Amino acid sequence: MSRPSHRARQKPTFKLEQLPLRQLQNPYAPIQILSEQSIELIHDGSMKILERIGLQIVNDRARRLMLKHGATIDDKTGYVKMERDMVLEKIATIPPRFTLHARNPKFNSVYGGNHINFTLVASAPNCSDLDSGRRTGNYEDYCKFLKLGQTFNVIGAHSGYPVEPIDLPPHTRHLDAYRAFITLTEKPWHAYSLGNGKIEDAIEMICMARSIDQETLKKEPSIMTVVNTNSPLKVDGLMLDGLMTMAEFGQLVVVTPFTLAGAMSPVTLAGALAQQNAEALGVLAVTQMVNPGAPAMYGGFTSNVDMKSGAPAFGTPEYAKAVLAGGQLARRYNIPYRTSNVNASNCVDAQAAWESGMSLWSAVMSHGNMIKHSGGWLEGGLCASFEKLIVDMEMVQMMAETLKPIEVNQAELAFDAIEEVGAGGHFFGACHTIERYKDAFYAPIATDWRNFETWQENGSVQTAERANKLFKQILNDFEEPELDVAIREQLDEYVMRRKGEIKPDW
């Protein structure tokens, strides 16, 4: 018989009014920013990169695997070259659609086709709020972000550590991070692809959390990792170790080149996209060499730099166009697509909003299946902001509501209401309005629609201040999701044992 939850449930004093939990789908046609001829030119350019230049594969096991499947080594550079027919044959086994399984099945999420999944900010070294300012990432704030991600229905998964818990020892940090993913959230989560050990621990712990064996896990992917190429054209050895272990166990690998036009890729978008495509497809092919049919995603992260300072820029027109083009490329190969909600602002201001707005619209209309960093990204990814998370949740919820098609039928056409009101009247008291007004429109969580005088009388509170109040209310009333005590004890024992086994590498 199941043992009771670790603590009694308490009735919360604050209730967040938000959109209901649902699997989001995009009913609209994707924007086709490039012609078929242009897509084929980019495809051909990327195949030439793989065939004539190749990739620097900094991993002996991966090189041997690639050679076994028909790749060659350039005698002069040592780069691994791949013929296009071989690449296309390998990536053809990537599932065009798959389900990522959560600890709580109600949070299972579908990737591929027109399905959309928003994830929280990931991998920031710093965090900030209005109360304590900007600070180095730490475990306490890491856990706060997980609680917020668990709370918001529009967040489908945790695609990385929201902020790096730098106060924990680096060699065992992942164990505490994974345990927090499992105890504070019920949604799918991320394991960093930094060698075999961290991935193997993640596999053990997710099996405990879901009470399944490894054979079941191989059939039901439950964790993800992101492999960023070290653009241009280099793939890190530790990441390849993690990638191969993830693929072996049938877990999700998201391959994402970090191609900033003018810095790590050509200054032209066509050249940057060709390089992005070559790096993504070359590494995706490796996942299928390990395990044909293992779930994988095509990641696009092409933006530009400020050519005056060299600083990365996000949410730019170039970024938006690259996102839309990346979606076309992913669809050309019938592979699920990952993109991001990003900005380069240093605070929660208008720039943060307009750059995120550009990012979100392009990500959604590119038919991105995973939209990373959808809550809290600031400073070009160097900071996870609590207030920005709330602002993002407003924008993401509005985007989700925009994806609901307009219903058109006789009742919705409201002929009787128009006849009832007549010329010069108003619809506030019409029967049609009374029947529908409670759920007629999107209800915001942080937006203030009051007129100027009322807003001023109530303290002239601006967006970031409202967001600050809201995130603290949510955290104050957060309740950990239920977890069987036996599972919790098993996780604690595993973490304690592994901490004694793992030795620092310094």
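Cut-offs applied
- Residues numbered from 1 in each chain as written.
- Predicted model: local features only at pLDDT ≥ 70, side-chain atom pairs only at ≥ 80, totals over all residues.
- Heavy atoms only, no water.
- Helix = DSSP H or I, 4+ residues; strand = E, 2+ residues; numbered from the N terminus.
- Buried < 20%, exposed > 50% of the residue type's maximum accessible area, 1.4 Å probe, protein only.
- Contact = heavy atoms within 4.5 Å.
- Axes fitted to C-alpha atoms, helices over the stretch in contact; angles between N-to-C directions.
- Parallel < 35°, antiparallel > 145°, perpendicular 65-115°, else oblique.
- Left-handed = near helix turned anticlockwise from the far one by under 90°.
- Patch = residues over 30% accessible without salt bridge, like charges linked within 9 Å, V, L, I, M, F, W, Y side chains within 5 Å.
- Areas by Shrake-Rupley, 256 points an atom, 1.4 Å probe, with all protein chains shown as cover.
- Salt bridge = Lys/Arg side-chain N within 4 Å of Asp/Glu carboxyl O.
- Polar contact = N/O pair within 3.5 Å; in protein donor to acceptor, adjacent residues only side chain to side chain.
- Phe/Tyr/Trp six-rings, centres within 6.5 Å; stacked < 30°, edge-to-face > 60°.
- pLDDT = per-residue confidence, 0-100.
- Pairing = 2+ DSSP bridges.

Section: the environment of Ile116
Part 1 of the reasoning: Position of Ile116 among the secondary structure elements: in strand β7 (residues 115–119).
Part 2 of the reasoning: A residue is classified by how much of its surface remains accessible, and Ile116, at 2% relative accessible area, is buried.
Part 3 of the reasoning: Taking C-alpha positions, Ile116 is 9.7 Å from Tyr337, a pair spaced 221 residues apart along the chain.
Part 4 of the reasoning: Contacts of Ile116, omitting those with residues within four sequence positions, involve Gln23, Leu24, Asn26, Val364, Gly368, Asn369, Ile371 and Leu403.

Things to note about the packing of helix α1 (residues 36–53) against helix α9 (residues 269–290)
Part 1 of the reasoning: Two numbers describe how α1 lies on α9: the axes approach to 8 Å, and their chain directions differ by 60 degrees. It follows that α1 is oblique to α9 by the angle criterion. For the element pair α1 and α9, the recorded crossing hand is right-handed. Contact residues: Ile42, His43, Gly45, Ser46, Met47, Ile49 and Leu50 in α1; Leu273, Ala274, Gln275, Asn277, Ala278, Leu281 and Gly282 in α9.

With respect to a nonpolar patch on the surface
Part 1 of the reasoning: There is a patch of nonpolar side chains on the surface, built from Ile406, Val408 and Leu413 and spanning about 360 Å² of accessible area.
Part 2 of the reasoning: Structurally, Leu413 is set in helix α13 (residues 410–413).
Part 3 of the reasoning: We classify Leu413 as partly exposed; its relative accessible area is 48%.

Re the side chain of Ser46
Part 1 of the reasoning: Take Ser46: it is sitting in helix α1.
Part 2 of the reasoning: From its side chain, Ser46 meets the backbone oxygen of His43 in a polar contact 2.7 Å long.
Part 3 of the reasoning: For Ser46, the residues in contact, after removing those within four places along its chain, are Ala274, Asn277, Ala278 and Tyr333.

Looking at the packing of aromatic side chains
Part 1 of the reasoning: Overall, the coordinates contain 16 aromatic pairs when judged by the stated rule.
Part 2 of the reasoning: Here the aromatic rings of Tyr161 and Phe181 are separated by 6.2 Å at their centres, their planes lie at 50 degrees, and the arrangement is tilted. In this pair, Tyr161 sits in the loop between β10 (155–157) and α5 (173–184) while Phe181 sits in helix α5, placing the two residues 20 residues apart along the sequence.
Part 3 of the reasoning: Looking at Tyr161, the relative accessible area reads 3%, which means it is buried.
Part 4 of the reasoning: Owing to a relative accessible area of 0%, Phe181 belongs among the buried residues under this scheme.

Regarding the confidence of the model for the protein chain
Atom-level detail of predicted coordinates should not be read off regions where pLDDT is low.
Part 1 of the reasoning: For the protein chain, the average pLDDT comes to 96, and 97% of its residues sit at 70 or higher.
Part 2 of the reasoning: Counting interchain partners and residues more than four positions distant, the pLDDT-below-50 stretch residues 1–9 has 20 contacts.

Some words on the pairing of β7
Part 1 of the reasoning: By the criterion of burial, β7 is predominantly enclosed, with five of the five residues buried.
Part 2 of the reasoning: Burial of β7 is two-sided: the residues His115, Asn117 and Thr119 facing one way and the residues Ile116 and Phe118 facing the other way are all buried.
Part 3 of the reasoning: Where strand β1 (residues 24–25) meets β7, two bridges bridge the pair, whose relative direction is antiparallel. Counted as the bridge partner of Leu24 is Ile116 from β7.
Part 4 of the reasoning: As judged from the two bridges shared by β7 and strand β20 (residues 370–372), these two strands associate in the parallel manner. The residue of β20 that forms the bridge with Phe118 is Ile371.
Part 5 of the reasoning: As judged from the two bridges shared by β7 and β10, these two strands associate in the parallel manner.

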